[in-house]
Amino acid sequence: MSLPSGAWFITGASTGLGRALAEALLAGGQNVVATARRIESVQDLEDRYPKSARAFRLDVVDRASIGGVVATAAEAFGGIDVVVNNAGYSLIGAFEEFGIQQVRDLFETNFFGAWAVTQTILPIMRTRGAGTIVNISSQGGIAGMPGTAAYSASKFALEGMSEALEAEVVAFGLRVLIVEPGPFRTAMRRSLQIPERRIDDYPDYGGTLRRQDGDQVGDPSLAAAAIIAAVTAPEPPLRLVLGASAVAVVRKKLNRASADLVAWEATSIATAFADESGENTR
């Protein structure tokens with residue numbers, strides 16, 4: 001499958017995977033709509049690629065602004081072929097340490113922001129009968145780990161939405177891709193949010209991650225190439241796991257889920273009403 005002829009709409013394109021993806025696409029001659037909360041952080045892309053890049057200020061929490069940005073972008077390039085929901089941040093700490101408003105704010109960006117952007121762009125894709133929705137999740141979106149209760153919750157929600165959405169839109173010729181990266185060398189750890197309070201009984205999960213910043217083995221440019229390859233593949237996956245760490249985490253999760261299913265299968269299926277013979281129906 002060749003690269004789309006329209007545009008890639010990328011949220012959170014100022015840094016990290018969003019930036020690497022925008023750079024790779026523009027270098028390859030693709031049209032890119034690069035959005036970020038601060039337009040000056042993506043304006044250089046439009047300056048360098050005036051014909052194929054458009055920079056917009058977009059905070060995905062500001063629902064009222066999404067429609068206008070999407071409409072202008074679609075008009076500029078004759079449509080939107082791929083939307084990449086990359087905007088997000090990390091909130092790391094023990095479950096007990098979070099204030100509920102912190103968690104709500106995290107969901108506003110990581111989950112509801114992606115929902116709102118996708119819901120705005122989806123009619124354009126559905127009408128054209130083509131398009132791909134790329135949701136940037138995390139290895140924490142399929143397996144929870146100590147210190148990631150809030151972050152994983154937001155990404156689990158994103159993945160659940162993505163699975164159901166894929167089942168709904170495949171009939172229109174649309175695709176959904178969930179990207180599950182492990183640790184990549186981006187600004188994520190430097191910008192992660194910390195809980196409202198510290199409880200000394202728990203490790204300082206956020207502090208540990210910050211001290212490890214720069215040790216990540218993942219190369220964002222290679223992640224961008226992998227995402228492009230998946231989007232353009234004739235038979236793309238629903239999930240794209242990126243990095244050896246993520247592969248190990250996902251495999252461990254699947255193995256445990258499989259083991260639990262087998263061990264408790266008899267209990268699981270013995271929960272139906274009994275038929276007239278007194279045996280459980282299935």
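*Asks:* Lay out the packing of aromatic side chains in plain terms, naming residues and giving numbers.
*Replies:* For the structure shown, the criterion picks out three aromatic pairs. Note on Phe111 and Phe112: the rings are 4.9 Å apart at their centroids and 70 degrees apart in plane angle, and the pair reads as edge-to-face. Take Phe111: its relative accessible area is 10%, and that puts it in the buried class.

*Asks:* Tell me what's going on with the sheet that holds strand S3 (residues 53-57), and back it up with residues and numbers.
*Replies:* One open sheet accounts for seven strands, arranged S3-S2-S1-S4-S5-S6-S7; its pairing is parallel. If you trace the sheet from one side to the other, it starts and ends with S3 and strand S7 (239-242), each paired once. Mean inter-strand twist for the sheet, computed between neighbouring axes without regard to direction, equals 15 degrees. As paired elements, strand S1 (residues 7-10) and strand S4 (residues 82-85) share three bridges and run parallel to each other. Looking at the pairing, Trp8 lines up with Val82 of S4. Helix H4 (residues 100-128) contacts S1, S4, strand S5 (131-136) and strand S6 (174-181) of the sheet and is inclined by roughly 175 degrees relative to S4. Sitting on the sheet, helix H8 (residues 220-232) is in contact with S1, S4, S5, S6 and S7, with an inclination near 160 degrees to S7.

*Asks:* Explain the pattern of salt bridges to me, and be specific about the residues and the numbers.
*Replies:* Following the criterion strictly, the structure yields 12 salt bridges and no others. Residue Glu108 is joined to Arg63 by a salt bridge in which the shortest nitrogen-to-oxygen separation is 2.7 Å. Of the two residues, Glu108 sits in helix H4 while Arg63 sits in helix H3 (residues 63-77), which places them 45 residues apart along the sequence. According to the relative accessible area criterion, Glu108 is partly exposed, its value standing at 29%. With its nearest N and O atoms 2.5 Å apart, the salt bridge here joins Arg198 to Glu97. Placement of the pair is Arg198 in the loop between helix H6 (188-191) and helix H7 (205-211) and Glu97 in the loop between S4 and H4, with a sequence separation of 101 residues. Through salt bridges that share partners, Arg19, Glu23, Asp44 and Arg48 make up one connected network.

Rules behind the numbers
- Per chain, the residues get numbers from 1 upward, laid out in the order the sequence is written.
- Thresholds applied to this predicted model are a pLDDT of at least 70 for local features of residues and 80 or more for the giving and counting of side-chain atom pairs; totals over whole chains, interfaces and linings are not thresholded and use all residues.
- To get the side-chain values, all heavy atoms of the structure are used, and hydrogens and water are removed first.
- Two rings belonging to Phe, Tyr or Trp (six-membered ring only in the last case) form a pair when the distance between their centres is within 6.5 Å. Interplanar angles under 30 degrees mark stacking, angles over 60 mark edge-to-face geometry, and anything in between is tilted.
- Here's how the labels work: a residue is buried when its accessible area is under 20% of the maximum for its type, exposed when over 50%, partly exposed in between, all with a 1.4 Å probe on protein chains only.
- DSSP bridges decide pairing: two strands pair if at least two such bridges lie between them.
- For the purposes of this entry, the term helix denotes a DSSP run of H or I that reaches at least four residues, the term strand denotes a run of E that reaches at least two, and both are numbered from the N terminus.
- Each axis is a line fitted through C-alpha atoms, and for a helix only the stretch in contact is used; angles between axes span 0 to 180 degrees, taken between their N-to-C directions.
- Residues are treated as being in contact if the distance between any of their heavy atoms lies within 4.5 Å.
- Salt bridge criterion: a side-chain nitrogen from Lys or Arg within 4 Å of a carboxyl oxygen from Asp or Glu.

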